Amino acid sequence: MTGQPTAKERILARANADYQPELVAVDADAIARMPARADRFSHMAVGLFGKPAGQTPEGAAAYSIALNSLNFMFWTPTTDGITRYHWGDEGGAHGLKAALDYAWGEEPTPARLRELLGSGQEQAVLDVLGEISLARRRAQFLREVLAGDRLEEAAAELVQAAGSGSLTSDDAERLARRFPMAYGQDPYLVRAQLAVMWYAGFLREQGSDIDCDITVAASYQMPRVMRSIKVLKFAPALAAKIDSHTLIMRESDEERAIRAATVLGCQMLARHVGVSEHAMVNVLWQNRHACGTIPYHLTITTDY
Ligand SMILES: Nc1nc2c(c(CNC3C=C[C@H](O)[C@@H]3O)cn2[C@@H]2O[C@H](COP(=O)(O)O)[C@@H](O)[C@H]2O)c(=O)[nH]1
């Protein structure tokens, strides 16, 4: 069939255009040597089932969209490295989830979130989430997402799309068009696709058999995990920059090369193992702390 390329095709075209193996190369031989044990893969659990937001599909979709509007940069640069975001005992994305569960309250709807965080005030974000990087940007994203009924409308659209039995990067792209500030700035649509993936994860927890075709590898965790298992090879100068916590500019050749190789390498790895790309990414993401002290590349961005 001819026609418009899908959002996923556009993302992969972008990755192919940005791929610079002299900076970051996918090692196809290393991938071929990886044990292919698809039976060890299980689907991601998002843990919305049994929570207030998980009482209705619309609530779960709204939660997925609100949370992922903030799912980026859980670190702050310091003079000699970084500090990590924490909320209670939880760090990074898990900390955000804990903070948001608390803010969400007992209703299935996002009403309380809108009350607490809909103002666009940076201070409101700091009050609810605690010390977190780019608080002003987060406040602006939340104002966009929580304005009027826009979150409910986007959630309803996602619920309806899932009725077809399949969610894809196209649904993420639609989210990006609805919320150009919160979701529309990343050419790889990572958080928009994570929102879609979360909702698919919720539906699976409910026992529905939903297909999800997305590509969510281009974050800061995946490149370091894939470097540690030697699926990605970094040029020595770039590796040295990453290891010494030197900031890497958003949209620089280096950042684009890192994201491109991560997306392409993950796709190759998923094909080799025989699992979906998001299952592949999530297993790697869940095991991200097993790759020791390899630092992640530090790019100040709201994309991931
Ligand atoms: N591929 C993939 N990337 C994901 C996630 C999540 C949040 N997930 C969950 C939370 C509870 C559920 O059980 C979910 O599993 C965050 N990230 C990305 O990683 C980075 C944050 O990393 P850290 O600083 O270490 O928390 C950041 O770029 C963020 O965008 C995912 O699930 N899959």
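Quick caveat: nothing in here was measured; it's all calculated off a predicted structure.

Rules behind the numbers
Residues numbered from 1 in each chain as written. Predicted model: local features only at pLDDT ≥ 70, side-chain atom pairs only at ≥ 80, totals over all residues. Near = placed C-beta within 6 Å. Helix = DSSP H or I, 4+ residues; strand = E, 2+ residues; numbered from the N terminus. Nonpolar A, V, L, I, M, F, W, Y, C, P; charged D, E, K, R; others polar. Buried ≥ 20, exposed ≤ 12 C-beta atoms within 10 Å, placed from the backbone. Contact = placed C-beta atoms within 7 Å. Domains from an automatic or database assignment. Core = buried A, V, L, I, M, F, W, Y, C linked by C-beta atoms within 7 Å.

Visitor: Describe the site of the ligand, naming the residues involved and giving the relevant values.
Guide: The ligand sits among 21 residues. The nearest are Phe-74, Gly-92, Ala-93, Ser-219 and Tyr-304. Mapped onto the shell around the ligand, the elements with two or more residues apiece are helix 4 (92-104) and helix 14 (277-286). A per-element tally of the shell around the ligand places helix 4 first, with 4 residues. Its residues assigned to classes, the shell around the ligand comprises 12 nonpolar, 7 polar and 2 charged.

Visitor: Could you give an account of helix 14, naming the residues involved and the relevant values?
Guide: For helix 14, the full list of buried residues reads Glu-277, His-278, Met-280, Val-281, Asn-282 and Leu-284. Contacts from the buried residues of helix 14 go to helix 10 (190-205), strand 7 (211-213), helix 11 (221-228) and helix 13 (253-273).

Visitor: With reference to specific residues and values, describe the domain arrangement of the protein.
Guide: When the domains of the protein are assigned, the result is domain 1 (7-42 + 215-291) and domain 2 (52-213). The C-alpha centroid of domain 2 is placed 24 Å from the C-alpha centroid of domain 1. Elements that contribute at least two residues to the side of domain 1 that touches domain 2 include exactly helix 1 (7-18) and helix 13. With 4 residues, the single largest contributor to the side of domain 1 that touches domain 2 is helix 1. In the side of domain 1 that touches domain 2, the residues fall into 6 nonpolar, 5 polar and 3 charged.

Visitor: Any chance you could break down the nonpolar core for me, citing the residues and the numbers?
Guide: With 91 residues, the main nonpolar core has Ile-65, Val-145, Ala-172, Leu-175, Ala-195, Val-196 and Tyr-199 as its most contacted residues. Among the elements that take part in this core, helix 10 stands out by supplying 11 residues, more than any other. The two domains that each donate at least three residues to this core are domain 1 (7-42 + 215-291) and domain 2 (52-213). Those residues in contact with Val-196 that sit more than four places away from it in its chain are Leu-167, Asp-171, Ala-172, Cys-212 and Ile-214.

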